[in-house]
Amino acid sequence: MSTSPDREAPAEHPIEALLRRRWSPRSFTGAPVERAALDSLLEAARWAASSSNQQPWHLIVARRDREAEAFGKLLGVLAPGNQAWADKASVLMLAVARMVNPANGNPNRHAFYDTGAAMAQMALQAVALGMQLHQMGGFDAARAREVFGIPEGYEPVAAIALGPVDVAEALPEALAAREVAPRQRRPVREWVFFGEWQG
Ligand SMILES: Cc1cc2nc3c(=O)[nH]c(=O)nc-3n(C[C@H](O)[C@H](O)[C@H](O)COP(=O)(O)O)c2cc1C
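Residues numbered from 1 in each chain as written. Predicted model: local features only at pLDDT ≥ 70, side-chain atom pairs only at ≥ 80, totals over all residues. Heavy atoms only, no water.

Looking at an unreviewed UniProt entry, one finds the protein chain named Nitroreductase family protein and attributed to Belnapia arida. Quoted verbatim from the Sequence similarities (unreviewed entry) field of the UniProt record, the comment on the protein chain reads "Belongs to the nitroreductase family." (UniProt positions renumbered as here; feature names shortened; annotations may be inferred.)

J.: Whenever I open this one, the side chain of His134 confuses me. Can you help?
T.: With respect to the helices and strands, the residue His134 is situated in strand β3 (residues 132-136). Take His134: its relative accessible area is 7%, and that puts it in the buried class. Polar side-chain contacts of His134 include one of 3.2 Å to the backbone oxygen of Ser24. Engagement of the side chain of His134 in a polar contact is seen with the backbone oxygen of Pro25, the distance being 2.6 Å. (Helix = DSSP H or I, 4+ residues; strand = E, 2+ residues; numbered from the N terminus. Buried < 20%, exposed > 50% of the residue type's maximum accessible area, 1.4 Å probe, protein only. Polar contact = N/O pair within 3.5 Å; in protein donor to acceptor, adjacent residues only side chain to side chain.)

J.: Honestly, unusual backbone geometry in this entry has me stumped. Any pointers?
T.: Peptide bonds are mostly trans, and most non-glycine residues show a negative phi. Notably, Ser52 is not glycine yet its phi reads approximately 50 degrees, a positive angle. For Ser52, the location among the structural elements is in the loop between α2 (35-46) and β1 (57-63). Phi is positive for Asn53, close to 55 degrees, though the residue is something other than glycine. Topologically, Asn53 is positioned in the loop between α2 and β1. Residue classification places Asn53 among the exposed positions, given a relative accessible area of 52%.

J.: Whenever I open this one, the pairing of strand β2 (residues 91-98) confuses me. Can you help?
T.: Where burial is concerned, most of β2 is hidden: 8 out of the 8 residues are buried. Because side chains alternate across β2, one face comprises the buried residues Val91, Met93, Ala95 and Ala97, and the other comprises Leu92, Leu94, Val96 and Arg98, equally buried. By the bridge criterion, 7 bridges tie β1 to β2 in an arrangement that is antiparallel. Residue pairing in the sheet places His58 in a bridge with Val96 of β2. In this structure, β2 lies alongside strand β4 (residues 154-163), joined through 8 bridges in antiparallel fashion. Paired with Val91 across the strands is Leu162, a residue of β4. (Pairing = 2+ DSSP bridges.)

J.: Looking at this model, I keep getting lost on the environment of Ser24. Mind explaining?
T.: Here Ser24 shows up in the loop between α1 (17-21) and α2. Aside from chain neighbours lying at most four places away, what touches Ser24 is Leu133 and His134. (Contact = heavy atoms within 4.5 Å.)

J.: What is the right way to look at the sheet that holds β3 in this model?
T.: What holds strands together in a sheet is hydrogen bonding between their backbones, with the strands either parallel or antiparallel. Read from one edge of the open sheet, 4 strands run β1-β2-β4-β3, paired in antiparallel fashion. Edge strands, defined here as strands with exactly one partner in the open sheet, are β1 and β3. Adjacent strand axes in the sheet meet at a mean angle of 25 degrees when their direction is disregarded. The strands touched by helix α6 (residues 141-148) within the sheet are β1, β2 and β4, with β4 carrying the most contacts at an inclination of about 90 degrees. (Axes fitted to C-alpha atoms, helices over the stretch in contact; angles between N-to-C directions.)

J.: Explain the pattern of salt bridges here, please?
T.: When their charged atoms lie close together, side chains carrying opposite charge are able to pair. The tally for this structure, following the rule as stated, stands at 7 salt bridges. When the shortest N-O distance is used, the salt bridge between Arg145 and Glu155 registers 3.3 Å. Within this pair, whereas Arg145 is found in helix α6, its partner Glu155 is found in strand β4, the two being separated by 10 residues in sequence. Given a relative accessible area of 24%, Arg145 falls into the partly exposed group. We classify Glu155 as partly exposed; its relative accessible area is 32%. One continuous salt-bridge network, built from bridges that share partners, spans Glu8, Arg20 and Arg21. (Salt bridge = Lys/Arg side-chain N within 4 Å of Asp/Glu carboxyl O.)

Right under this line is the structure:
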């Protein structure tokens, strides 16, 4: 695990090291990710829980060194603010959810939830392998559907940049500042209600 100590979450109660050390960097080295590591990342996602074990997640994977054309296409559908740094990722991915239960044709209202759970598992596996990933909602879903031929019944959920992390100074100044900004979270008491809703 290569997270620098100053990026570790200042957790107020004990949590596992992988959780503390996961974060969303913007500075990536672009070094190739070995096939074995990629297999472990995909396997980690595979074992996520999902509603009725439907496993609605799908993933388009574009390695900068192996699927260069797809890497360029994925970069092209990102919001400009994300393109500014995600071009240095080793791997770009697009998480796509199957919105219908194939067993009965019913809508699956848990598809996004389950796809997010799979990506969260992948994020922790990335930390264990000395990498990080950065999820992005900032992309053009309609264009992604067009560019990658994603059929009806499937929804692009998030783009993901993955790879070994580089130093903050490798980024332009404004982005570098965000890379070292203090990590913040809402206090638990703001969003946990014991026993009843306290809005
Ligand atoms: C669904 C989702 C969408 C996100 N979209 C973007 C994005 O478009 N651009 C970006 O730079 N970060 C994006 N992020 C990263 C969040 O800003 C980041 O997770 C949050 O600030 C907490 O920081 P941490 O992951 O380092 O703990 C996204 C994260 C998630 C889970």
